[in-house]
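Secondary and tertiary structure notes
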Amino acid sequence: MIGVVYLGNNPKTQERLKYIPGQLVRMTNAYKDAAQVCTPHVSNEHFIVFFDRNVRSEDITAITYLRKKCRNVYIILLTDDMSKEERDIYMKCGVNDTINKDASVTALNKKIQFISDRENILFDDEAPRYKILKFKIPVWKRLFDIFFSGLAIIILSPIFILTAIAIKLESKGPVLFKSKRVGTNYTIFDFLKFRSMYIDAEDRLKDLSKTSNQYVEKEDEDEHKTITAPLGDEAEQDMLNMGMESEMMISDEEIMLIGDDFVVAESDFNKQKEEDINNAFVKIENDPRITKVGKFIRKYSIDELPQLFNILKGDMSIVGNRPLPLYEAEKLTADSSIDRFMAPAGLTGLWQVEERGKGGNMSAEERKQLDITYGQTYNFMLDMKIIFRTLFTFVQKENV
């Protein structure tokens, strides 16, 4: 059970908090009053406190008092831009999170929902808390990774050198491409590859048609079109005057979500969100961003060789689930997807060899389920089998 309290005297913020769906926000302007409101009347009652930033010395006194009197509060500082030093000071005295002081109703509501969904983890109760499980790589697997990657780097060093020269001769830019990837336990690390694209490749991604993504299901466009309509100047101004920049309005038939420049039915919004999750993996067929050298090194998986250094460092393993880019991993945080991250991250894996066997045709759901299967069943013999299949199928007709 979570209550919401506002500590401050900003009329605009008070107005926005009044429109939080399904929440009665209690308003206070003195920290002792806020502490009294946050006194639990039943067990496991928690409170989110939106705290308006003011004079730092006074804020520290108020936050310290709240922390002393109420262990069951999650304090969110309403503020504008802060320096790192200021942020550290507020965090040390007890602030849990920050949000812009001019945040919209939607942003405030999302923050409340995020905390509510993680109530058993975020609040410090005497009651038993859920233990956050973490995957730890077995000793046998780590020793094998070190031996295999070290030996492979030595043997393949001539290929490293020739590839680097070819990349430099064809196009400007660094030889290696670094991207942030999400691996085991949702750990983020710098993922290394030989650069196979032009240096502005990531900027071009948003310009490519959605139909170029192999993992997007081919469905009737009219059936899944998001219905939107621009807001007129008068309507937009009315929304601003009411402090409802981006919130829910109720029509005669269904709930409508109103943004700064659009109106969309809640059912269509939820449908689009579900499609985004189902089509989290992004893969472009006949990608025009790839260089000539890039096509060759991708065909023979040479672009993946720098990941041997990732393996030697311990970011990933020889065999495991493919580390995902941030924009893909953030769409796989539902309960049905978490298990793929509770397993080793790898250079090659079960879905790669299975996909090659199917000619590169595999849905995002099939890929995810193979990742989960590997995480639940991996062992030394399965790893050897995957490595064997990888060595004999790395020449691909399709880029996987």
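The numbers attached to residues start from 1 for each chain and follow its sequence in the written order. Under the rules for a predicted model, residues below a pLDDT of 70 receive no local features and side-chain atom pairs below 80 are neither given nor counted, while totals for whole chains, interfaces and linings still include all residues. Side-chain measures here rest on the full set of heavy atoms in the structure, leaving out hydrogens and waters.

**Some remarks on the overall build of the chain**
Heads up, the rule is: What counts as a helix is a DSSP run of H or I of at least four residues, what counts as a strand is a run of E of at least two, and both are numbered from the N terminus. The criterion used for residue contact is that any of the two residues' heavy atoms lie within 4.5 Å. Here the accessible surface of atoms and residues is derived via Shrake-Rupley with a 1.4 Å probe, and residues count as covered only by protein chains that are part of the display.
If you tally the helices and strands in the chain, you get 17 helices and 13 strands. Across the chain, contacts joining residues at least 24 apart in sequence account for 70% of those joining residues at least 6 apart. Summed over its atoms, the accessible surface of the chain is roughly 23200 Å², and 55% of this surface lies on carbon and sulfur atoms.

**Structural notes on the packing of aromatic side chains**
Using the following cut-off: The criterion for an aromatic pair is that two Phe, Tyr or Trp rings (for Trp, the six-membered ring) have centres within 6.5 Å, with stacked assigned to planes under 30 degrees apart, edge-to-face to planes over 60 apart and tilted to the rest. Each residue's exposure class comes from its accessible area (1.4 Å probe, protein chains only) as a fraction of the maximum for that residue type: buried when under 20%, exposed when over 50%, partly exposed otherwise.
Tallying each qualifying case throughout the model produces 11 aromatic pairs. Look at Trp140 and Phe380: their rings are 5.8 Å apart centre to centre, the planes differ by 80 degrees, and that puts the pair in the edge-to-face class. With Trp140 in helix α7 (residues 139-155) and Phe380 in helix α17 (residues 380-391), this pair connects stretches of sequence that are 240 residues apart. Here Phe380 falls in the partly exposed class, since its relative accessible area comes to 39%.

**Considerations on the sheet that holds strand β7 (residues 188-194)**
What counts is decided by this rule: Here, any two strands with at least 2 DSSP bridges between them count as paired.
Across the sheet, which stays open at both edges, the 3 strands sit in the order β7-β6-β12 with antiparallel pairing between neighbours. Strands at the two margins of the open sheet, each flanked by one partner only, are β7 and β12 (324-325). With 7 bridges joining them, strand β6 (residues 176-182) and β7 adopt antiparallel strand pairing. Bridge pairing links Ser179 to Phe191 in β7.

**Section: unusual backbone geometry**
For Asn185, which is not glycine, the phi dihedral falls at a positive 60 degrees. Position of Asn185 among the secondary structure elements: in the loop between β6 and β7. In this structure Asn185 comes out as partly exposed when scored by relative accessible area, which is 23%. If you check the backbone angles, Tyr186 has positive phi at about 60 degrees while not being a glycine. Relative to the helices and strands, Tyr186 resides in the loop between β6 and β7. The partly exposed category is assigned to Tyr186, whose relative accessible area is 27%.

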